[in-house]
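So you can see what is in the structure, the chains are spelled out below.
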Number of protein chains: 2
Amino acid sequence: MYRDLSHPLETTTVYPGDPSVEIAPHATHEVDGYRVSHLELGSHSGTHVDAPCHTEPDGRSLDSFPIETFAFDALLVDCRGKGARDAVECDDLPEPTEDDLLVFRTGWDTRWGTDAYFDHPYLTSDAAAWCADRGYHVAIDALSVDPTPAENARDDEPEGVPAHHELLGDDRLIVENLTDLDGLPERFTLYAFPFSVGGVDGAPVRAVAEFQGGEDALVSID
Amino acid sequence: MYRDLSHPLETTTVYPGDPSVEIAPHATHEVDGYRVSHLELGSHSGTHVDAPCHTEPDGRSLDSFPIETFAFDALLVDCRGKGARDAVECDDLPEPTEDDLLVFRTGWDTRWGTDAYFDHPYLTSDAAAWCADRGYHVAIDALSVDPTPAENARDDEPEGVPAHHELLGDDRLIVENLTDLDGLPERFTLYAFPFSVGGVDGAPVRAVAEFQGGEDALVSID
């Protein structure tokens, strides 16, 4: 069965400084006899994929990855014990597996659309390097794998985006702003096919989980 | 294995009157230390899905379809014998099957980016009604399932968008501007997950085929 793991774009909480999402009528039934919409958005709006060239000047763009890359063998990592602006550290990581994507479940997706969404947990650079060294791409149900700048930042937070550099600098991908991970089996296929744009640094995606069985395949890990 | 069936958005041939696709830097490594792009596009840009409300005032929007709808059981229909502005008629249709999407292969995708792309074959309203009556969604490797208005339109072409009305008026979906169908097996899974926007009439998608086996699963139908 399939499950949508994406936030609707029109409700998007954008990263500080990023373009807002604007959706407006371009043609209407009343005037034109059909409907077409005009969309304006940033490449990292809503649920999206980061390409290496997002933070690495010499990094690859999304279109340089083979399409099968975006059908990930995903493994859930439960990090819901982490509080606001807490770090996910190497001790929180699983034994290495043959999967190719670690999905960090922080539970922060329930704060989408509120100021608290910016105070998500993050990965230390060591934890990010551990993932990259083992060949994992990384996904998270939060705005970023690094702390998002804010006035209430803690003194022990890293500056800049070191987790991005560890992952994207090692040719890994990052999927951000996932939602609705509740009850998913530990392993599933995550489809996150970005729309096709040459040279692009990221793209919003409809992130979709596929897993075996019906509703009875769902496991409660609450 | 997976295959990308999408045209790159930045090369888009847009339907007459639709918004153009604009991709511009929003943040750059040189100025900001990271890259984010600003995207402007119409909801029917490039390879995309039409929702019923595109042509039907009371039609459903894309977000009202369950996510599994967009993982289609696809059946190829070879229409490469059709020439410029020729009609695909009921006689060209296959025996009914249990698949849920008919993919009309016209071969017109090779004309992408040229004036000739607008002179694609189309479905008669009877052929479209046949598909809708049997529960099929429809996809095509061309700009539209109806003739695209042009000065060189033929006298026997229908006016308006009757094939759209037959399909979308019967709560079916239409996938347009597919490419690279060459050698696909007759049956495959087509993923065409539109990004999540409430109430929207259509959306560009990364259309991806999944089929069993490796390169040796490909069949030449040339």
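Reading the values: rules and limits
Starting afresh in each chain, residues are numbered from 1 along the sequence in its written order. All chains are assigned letters beginning at A, and all ligands numbers beginning at 1, according to the order in which they are written. The model is predicted, so local features are restricted to residues of pLDDT at least 70 and side-chain atom pairs to those at 80 or more, both for listing and for counting; the totals for chains, interfaces and linings are taken over all residues. Here the contact rule is simple: place C-beta atoms from the backbone, and any two residues whose C-beta atoms are within 7 Å are in contact. In this description a helix means any DSSP run of H or I spanning at least four residues, a strand means any run of E spanning at least two, and both kinds are numbered starting from the N terminus. Ten residues, namely Ala, Val, Leu, Ile, Met, Phe, Trp, Tyr, Cys and Pro, are considered nonpolar, four, namely Asp, Glu, Lys and Arg, are considered charged, and the remaining ones, Gly among them, are considered polar. Any two strands with at least two DSSP-identified bridges between them are counted as paired. Alignment of copies: least-squares fit on C-alpha atoms of residues with pLDDT of at least 70 in both copies. Lines are fitted to the C-alpha atoms to define the axes, a helix being fitted only along its stretch in contact, and any angle between axes, read from their N-to-C directions, falls within 0 to 180 degrees. With C-beta atoms placed from the backbone, the exposure class of a residue follows from how many other C-beta atoms lie within 10 Å of its own: 20 or more, buried; 12 or fewer, exposed; in between, partly exposed.

Draft legend 1. Inspection of the interface of chain B and chain A at higher detail. On the chain A side, the residues contacting the 47 residues of chain B number 47 residues. Those elements giving two or more residues to the side of chain B that touches chain A turn out to be β1 (2-4), β2 (22-27) and β3 (36-42) of chain B. Element by element, the count of residues in the side of chain B that touches chain A is highest for β3 of chain B, at seven residues. Grouping the constituent residues of the side of chain B that touches chain A by class yields 24 nonpolar, 14 polar and nine charged. Where strand β3 (residues 36-42) of chain A lies against β3 of chain B, five bridges are found, and the strand directions are antiparallel. Counterpart to L41 of chain A in the pairing with β3 of chain B is L39 of chain B.

Draft legend 2. Fine view of the relation of the copies chain B and chain A. Turning chain B through 180° and shifting it by 0.0 Å along the axis lays it on chain A, with an RMSD of 0.0 Å. The two molecules are tied by a two-fold rotation axis, judged by turn and shift. No C-alpha of chain B approaches the rotation axis more nearly than that of E40 of chain B, which lies at 2.3 Å. Mapped onto chain A, 100% of the interface residues of chain B again fall at the interface, so both copies present the same surface.

Draft legend 3. Region of the structure containing the sheet that holds strand β2 (residues 22-27) of chain A. As summarised here, the arrangement of the four strands in space is β2(A)-β3(A)-β3(B)-β2(B), forming an open sheet in which the pairing is antiparallel. Both outer strands of the open sheet, β2 of chain A together with β2 of chain B, are each paired with one neighbouring strand and no more. For this sheet the average axis-to-axis angle between neighbouring strands, irrespective of direction, equals 20°.

Draft legend 4. View of the pairing of strand β7 (residues 101-105) of chain A. Residues and elements named next belong to chain A. Burial within β7 is extensive, with five of its five residues counted as buried. In the sheet, strand β5 (residues 71-78) pairs with β7 via five bridges, with the strands oriented parallel. Considered in β7, the bridge of D78 is made with R105. In this sheet, strand β9 (residues 137-140) lies alongside β7 in parallel orientation, the contact comprising four bridges. Paired with L102 across the bridge in β9 is V138.

Draft legend 5. Quick peek at the pairing of strand β5 (residues 71-78) of chain B. The pairing of β5 of chain B with strand β11 (residues 187-191) of chain B spans five bridges and is classified as antiparallel. Residue L75 of chain B lies in a different strand from β11 of chain B, and its bridge partner there is R187 of chain B.

Structural measurements only, silent on function.
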